[in-house]
Amino acid sequence: MIQMKAKVIKGARILQEAVTTQHGTDHEYTTTGLNHRKLLMWAFLGSDCMFFGSLIATYMVYYGKSKVGPFPEDLFSIPITSVSTFVLLMSSMSMVLAYAAIRKGSLKGFRVWILSTALMGMTFLAFQVFEFYEFANHEVHFDCSQVGTGNLSAFEESFQNECIEGVTTVDGIHDSDGNNLTGLTPKTNLFGTTFFTLTGFHGAHVTLGVIWLLSLFFYSFRGGVTRERDLDVDLAALYWHFVDIVWIVIFTVVYLFGVFPGFPES
Amino acid sequence: MAQNEDMSTETHLGSENHSDHPTPLTYFKVAMILSIITAIEVGIFYVEDLSYGIIPILTILSVMKFALVIMFYMHLRYDNRLFSTLFLTGLALAFLVVIALLALFQFFTPS
Amino acid sequence: MTTSILSRPIHPTGLWAWLTTIDHKRIGILYGVTAFIMFLSGGIEAMYIRLQLAAPEQELVSPEIYSQLFTMHGTTMIFLAIMPMGAAFFNYLIPLQIGARDVAFPRLNAFSYWTFLGGAVMLKSSWFLGGAPNAGWFGYAPITSSAYNPGHGIDFWILSLQILGIASLAAAFNFIVTIINLRAPGMSLMRMPIFTWMTFVTSILLILAFPVITVALIEVMFDRFFGTNFFNVGAGGQPLLWQHLFWVFGHPEVYILILPALGIIAEVIPTFSKKPLFGYPVVVLSGVVIGFMGWMVWSHHMFTVGLGPVANSVFAVTTMAIAVPTGVKIFNYIATMWKGSISLTTSMLYAIGFIFLFVIGGLSGVMHSSAASDAQQQDTYFIVAHLHYVLFGGSIMALGSGIYYWFPKMTGRLMDEKLGKLNFLLVFIGMNVTFFPMHFLGLDGMPRRIYTYDSDMGWNLWNAVSSVGYLILALGVLILIVNIIWSVLSGEKADGDPWDARTLEWSMSSPPPEYNFEHIPIVHGIDPYWEQKREGLSTVPISGGSGDDDSHGIHLPQPSYWPLLASLGLFVSGYGLVYLSSSIGLVVSIIGAAITMVAVYAWSFEPVNDPDEGEGH
């Protein structure tokens, strides 16, 4: 009891000295001994779980409810997305190595790793842009002899009326101005709406992360990133890893489950 | 002034202990495990005999990846439990709300 | 340093002092004044509603305007009046109650306020820019779709709610960290004042509930702006999804509105009963349980949409169960008064009034927790009666109690008790005369949101009574305004502790010095200031309050322009997004986003205390 009281009084004295929050120094007195900003970051990440949870719930509730195609199995290319998933996973590793470097005081190591993290993030974004572009320009190509054999997807089958007398293959569906009518946009169907919104917001998170990482990279040349202020890196890293784990969920739920043939279709 | 110095070291006691963080080698190992799990996920995906069995397998594998990242890369394993509490509260609630919404929309009811 | 484009305001005065302030007490007052003005504007909207319904078949306002009136009344009262009024008390009191000199992130706190103000102005400006939103405060899809609602009203509603959401989230993160991390030595969690506890639970609810409404609003926004299909029935979209997402947010939101009220009552009643709070741990626990169970009841707002018997039963049972922790709190408050030495100040009268009215609202709530019974009551005036008993009888009465209780602390002057009692009496009577007849109207089948009714429906009498009640209520509020103004100007001077109160904020002068505590107190119990006064545990040093901070060597965080500018950017881009279909709108929204980004960058590179400029102290 006396010991506790002594501790309390000591804490109070320290508190009187540590007057207010000093930006960048992590030595201020706090009740729990934990840093304000780090607590804020974790609370934010918990809150962001609800954000992505709501988006994922929307995607799943509308899964298989689209009235017209294209459907996930017409578009997704698991090998390509696996590569971009792998890139994002590896960026998490280089992020953590950047953090480990700055904690050892190695500014050079920090710069190498944080730049490679940002580059991998940009690679991931490039994949995403490519994917969105591909989906928006998706065309149907099939041999009319395949109609009714079960080799065509439901979306392709829906164009069997194109196979009129004298037409042996269908090479894309276009309107009179030559516009492709079989691409996926946010307006096309529920799948397009929910897919682009969910992955788009993830992409926006990645973009913000890349900006943050690059800011730290450039700030390090002005002496802004030091061993004493490794927390600045830690916070960016936490955010970056969070973006990565959200993608782990999206990859499984949207991509792998999305083209899984055993699932009920619309 | 000397007294001051003394106290600032005191305050440091409470903050996170920096010594027990994992080494870069650990980070590398974790990355390898993550890669292998991803490879298994993609590989399993092409095994058609599994049918619906793919769902629990993929779910478990993803949860493992998720857990590895938050435990090691986000060093929740080495950090104060308050951080885990804050994050896992949001995560658990998000999970439950998603499940509840899916149930309410008959996602789990075979049509 | 060199990164600052604008030179830093070191000791601003006058208007600049308020615009750049990061002092939690000033921000609290800004919140309070803004919220009170918004409360009055929501009251004026209610006045039109009551005038229109005072007699059958009136045409004072058109049906179109009527829809805008009830939408704006609800949205205003919830998001612009009650929530920020709570935030005003959080801001002013939390650092004082936990023995801190400010919140954990003072600049973020300023950002919260300015962003809130921007959202409030934006929502209200819709009245003058082509019509206010008109889809009800819960904006059910597909009434909000551009096909059925082509004007800009809904766009204003969506975007201002998004901006208000950012403000609430920023404030909630701030208070979570503040309460976890800035408690004075000895103030363990189970010694925190109940108001602080309820603020903590409310903040947790906020950070978990607001992302859901953010997503829901994004979905409506995309439907309207970009032609997506979220709620487009033609493409298979389900309006039901909006209802679910809205109420997943909406029900915790209800507790966000009432938990601070329950916290205020738990501060007022023990002080004026001269007894410690009865069953402190139970009151804490029940608050936490309410916060937790608030997530399991949302579909009780949707009993009539046809979720099926299983879902309805589950949500009926959880709804009935959540009445238990709420009831526990009420019993604790009553038990605190039991055999206490009660002084019936206006604040205490409001608190007792709260208990009366909130219990009535709670009981009618339990009535429609039964799905079968709710089928009769859904969308009738019975619901309107219920929600006003919990929001007016609950939240507003508690806020009134809080105003009378903490006014001397904030201004250094007591409020007039005679006017106060008259104010309370009129509000209490007016509130009951206005809202109690709505129970009868509802059970008699009068639907909500109708702009007029036929004279042979049998609803004439009670509608007329309700409108008379509004007048009494308005008179009561008017007296409150008179009392506040009169007391600020020439009220009796209050010392630091006019009520012989229990918590730390009373241990300093009124109003408190800018740095709050000259010496950070050491806390030994739940009622630290009582313990200091009664048991002589002189571990809470009384602060000076001379206003001369130089002599204490206390460096406070310096004011900053950046929070204000970051909020301004959001405000500007909000307007731009409303008019996104035109190229000017696009340009404006990009400019706004750029302002915010520049401000956030400058903010992150600006030290809390500029080392060069701070040396002068």
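Residues numbered from 1 in each chain as written. Chains lettered and ligands numbered in written order. Predicted model: local features only at pLDDT ≥ 70, side-chain atom pairs only at ≥ 80, totals over all residues. Heavy atoms only, no water.

S.K.: Can you help me understand the overall build of chain A in this one?
M.R.: Within chain A, the regular secondary structure consists of eight helices and two strands. Along chain A, from the amino end to the carboxyl end, the secondary structure elements read α-α-α-α-α-β-α-β-α-α. Out of the 266 residues belonging to chain A, those deemed buried represent 59%. Taking contacts inside chain A between residues at least 6 apart in sequence as the whole, the part at least 24 apart equals 76%. Carbon together with sulfur atoms contributes 61% to the accessible area of chain A, which is approximately 10,800 Å² in total. (Helix = DSSP H or I, 4+ residues; strand = E, 2+ residues; numbered from the N terminus. Buried < 20%, exposed > 50% of the residue type's maximum accessible area, 1.4 Å probe, protein only. Contact = heavy atoms within 4.5 Å. Areas by Shrake-Rupley, 256 points an atom, 1.4 Å probe, with all protein chains shown as cover.)

S.K.: When you look at the overall build of chain C in this model, what are you seeing that I'm missing?
M.R.: A tally of helices and strands in chain C yields 18 helices and zero strands. Taking 25 Å as the expected radius of gyration for a compact globule of 617 residues, we find that chain C reaches 24 Å, a close match to that expectation. A principal-axis box enclosing the C-alpha atoms of chain C has dimensions of 70 × 65 × 45 Å. Burial analysis of chain C (617 residues in total) assigns 63% to the buried set. Across chain C, the fraction of contacts at a sequence separation of at least 24, relative to all contacts at a separation of at least 6, is 82%. Approximately 21,200 Å² of chain C is accessible, and the part contributed by carbon and sulfur atoms is 72%. Averaging the coordinates of the 24 positive side-chain charges in chain C and doing the same for the 36 negative ones gives two points 8 Å apart. (Rg over C-alpha atoms; globule rule 2.2 N^0.38 Å. Lys, Arg positive; Asp, Glu negative; His and termini not counted. Charge placed at Lys NZ, Arg CZ, Asp CG, Glu CD.)

S.K.: Is there a simple way to think about the domain arrangement of chain C in this case?
M.R.: Quite often, the size of an interface is put as the accessible area lost when its parts meet. All names here are of chain C. In terms of domains, chain C is made up of domain 1 (23-541) and domain 2 (557-617). Its C-alpha centre places domain 1 at a distance of 29 Å from the equivalent point of domain 2. At the junction of the two partners, domain 1 supplies 20 residues and domain 2 supplies 18 residues. Counting each side, the surface lost to burial between domain 1 and domain 2 is near 1,700 Å², with a carbon and sulfur contribution of 77%. The interface formed by domain 1 and domain 2 contains one salt bridge. Ionic pairing is found between glutamate 606 and arginine 107, a salt bridge with its closest N-O pair at 2.9 Å. Counting every contact that joins domain 1 to domain 2 gives six residue pairs in polar contact (both at pLDDT 80 or more). Looking at the side of domain 1 that touches domain 2, the elements with two or more residues in it are helix 4 (106-125), helix 5 (153-181) and helix 6 (194-226). Broken down by element, the side of domain 1 that touches domain 2 gets its largest block of residues, 11 residues, from helix 4. (Domains from an automatic or database assignment. Buried area = accessible area lost by both parts, 1.4 Å probe. Salt bridge = Lys/Arg side-chain N within 4 Å of Asp/Glu carboxyl O. Polar contact = N/O pair within 3.5 Å; in protein donor to acceptor, adjacent residues only side chain to side chain.)

S.K.: Hey, could you run me through empty space enclosed by the protein in this one?
M.R.: Rolling a probe over the atoms, with the probe sized like a water molecule, indicates the empty space that remains. All names here are of chain C. Taken as a whole, this structure holds six cavities of 30 Å³ or more when the rule is applied. By volume, the largest cavity is sized at about 260 Å³. Lining the largest cavity are 24 residues; nearest its centre among them are Met83, Pro84, Ala87, Ser168 and Leu206. The class makeup of the residues in the lining of the largest cavity is 19 nonpolar, five polar and no charged. (1 Å grid on protein atoms, 1.4 Å probe; cavity = no way out; pocket = protein on both sides within 12 Å on 5 of 7 lines; lining within 4 Å. Points joined across faces, edges and corners; volume = space filled by probe spheres on them. Nonpolar A, V, L, I, M, F, W, Y, C, P; charged D, E, K, R; others polar.)

S.K.: Teacher, can you tell me more about the state of the cysteines here?
M.R.: Such a bond, covalent and formed between the sulfur atoms of two cysteines, is termed a disulfide. Residues and elements named next belong to chain A. Summed over the entire model, instances satisfying the criterion amount to one disulfide over all chains. The disulfide bridge from cysteine 144 ends at cysteine 163, spanning 1.9 Å between sulfur atoms. Across the S-S bond of cysteine 144 and cysteine 163 the torsion is about -85°, and the bridge reads as left-handed. A residue pair is termed long-range when its members are at least 10 positions apart, and cysteine 144 in the loop between strand 1 (141-143) and helix 6 (154-157) and cysteine 163 in the loop between helix 6 and strand 2 (169-171) qualify at 19 residues. You can call cysteine 163 partly exposed: its relative accessible area is 23%. (Disulfide = S-S within 2.5 Å.)

S.K.: Is there a simple way to explain the domain arrangement of chain A in this structure?
M.R.: Residue and element names in this part refer to chain A. Domain boundaries in chain A define domain 1 (41-137 + 184-261) and domain 2 (139-182). The straight-line distance from the C-alpha centre of domain 1 to that of domain 2 is 35 Å. If you look at the interface, domain 1 gives seven residues, while domain 2 gives six residues. Summed over both partners, the interface of domain 1 with domain 2 buries about 460 Å², with 56% contributed by carbon and sulfur atoms. The three residues of domain 1 that bury the most area against domain 2 are Pro70, Asp74 and Asn137, which together make up 61% of that side's buried surface. Scanning the region where domain 1 abuts domain 2 turns up zero salt bridges. Where domain 1 touches domain 2, the interface holds three residue pairs in polar contact (both at pLDDT 80 or more). When the residues that make up the side of domain 1 that touches domain 2 are grouped by side-chain class, the tally is four nonpolar, two polar and one charged.

S.K.: I'm lost on the interface of chain B and chain C in this one. Help?
M.R.: With 10 residues of chain B at the contact, the number on the chain C side is 15 residues. The three residues of chain B that bury the most area against chain C are Leu93, Leu104 and Phe105 of chain B, which together make up 52% of that side's buried surface. Connecting chain B to chain C are zero salt bridges. Taken together, the connections running from chain B to chain C amount to zero residue pairs in polar contact (both at pLDDT 80 or more).

S.K.: What am I meant to see in the packing of aromatic side chains here?
M.R.: Any two aromatic rings considered together are summarised by their centre-to-centre distance and by the angle between their planes. Using the criterion set out here, one finds 77 aromatic pairs over all chains in the structure. When the ring of phenylalanine 135 of chain A is compared with that of phenylalanine 195 of chain A, the centres are 5.6 Å apart and the planes differ by 45°; the resulting orientation is tilted. With phenylalanine 135 of chain A in helix 5 (residues 107-136) and phenylalanine 195 of chain A in helix 7 (residues 190-220), this residue pair connects regions lying 60 residues apart in the sequence. By relative accessible area, which is 4% here, phenylalanine 135 of chain A ends up buried. Plain terms: the ring middles of phenylalanine 36 of chain C and phenylalanine 39 of chain C are 6.0 Å apart, the flat faces sit at 45° to each other, and that makes the pair tilted. Here phenylalanine 36 of chain C pairs with phenylalanine 39 of chain C, and both are found in helix 2 (residues 24-53), just three residues apart, close to one helical turn. (Phe/Tyr/Trp six-rings, centres within 6.5 Å; stacked < 30°, edge-to-face > 60°.)

S.K.: I'm lost on helix 5 of chain C in this one. Help?
M.R.: Spacing of three or four residues puts side chains on the same side of an α-helix, whose turn is 3.6 residues. The end-to-end C-alpha distance of helix 5 of chain C, which contains 29 residues, comes to 42 Å, matching closely the 42 Å that a straight helix rising 1.5 Å per residue would cover. Counting buried residues along helix 5 of chain C, 28 of its 29 residues qualify, which places the element largely inside the surrounding structure. (Expected span 1.5 Å × (residues − 1).)

S.K.: Help me understand the pattern of salt bridges, please; the structure alone is not making it clear to me.
M.R.: Side-chain pairs of opposite charge can arise whenever the charged atoms involved come near each other. Residue and element names in this part refer to chain C. Across all of its chains, the model carries 16 salt bridges over all chains by this definition. Its salt-bridge partner being aspartate 527, residue arginine 502 comes within 2.9 Å of it at the nearest N-O pair. Linking arginine 502 in the loop between helix 14 (460-490) and helix 15 (528-535) with aspartate 527 in the loop between helix 14 and helix 15, this pair joins segments that are 25 residues apart in sequence. Comparing arginine 502 with aspartate 527 shows no difference in burial state: the two are buried. Counted as one network, the salt bridges with shared partners bring together Asp497, Asp500, Lys533 and Arg534.

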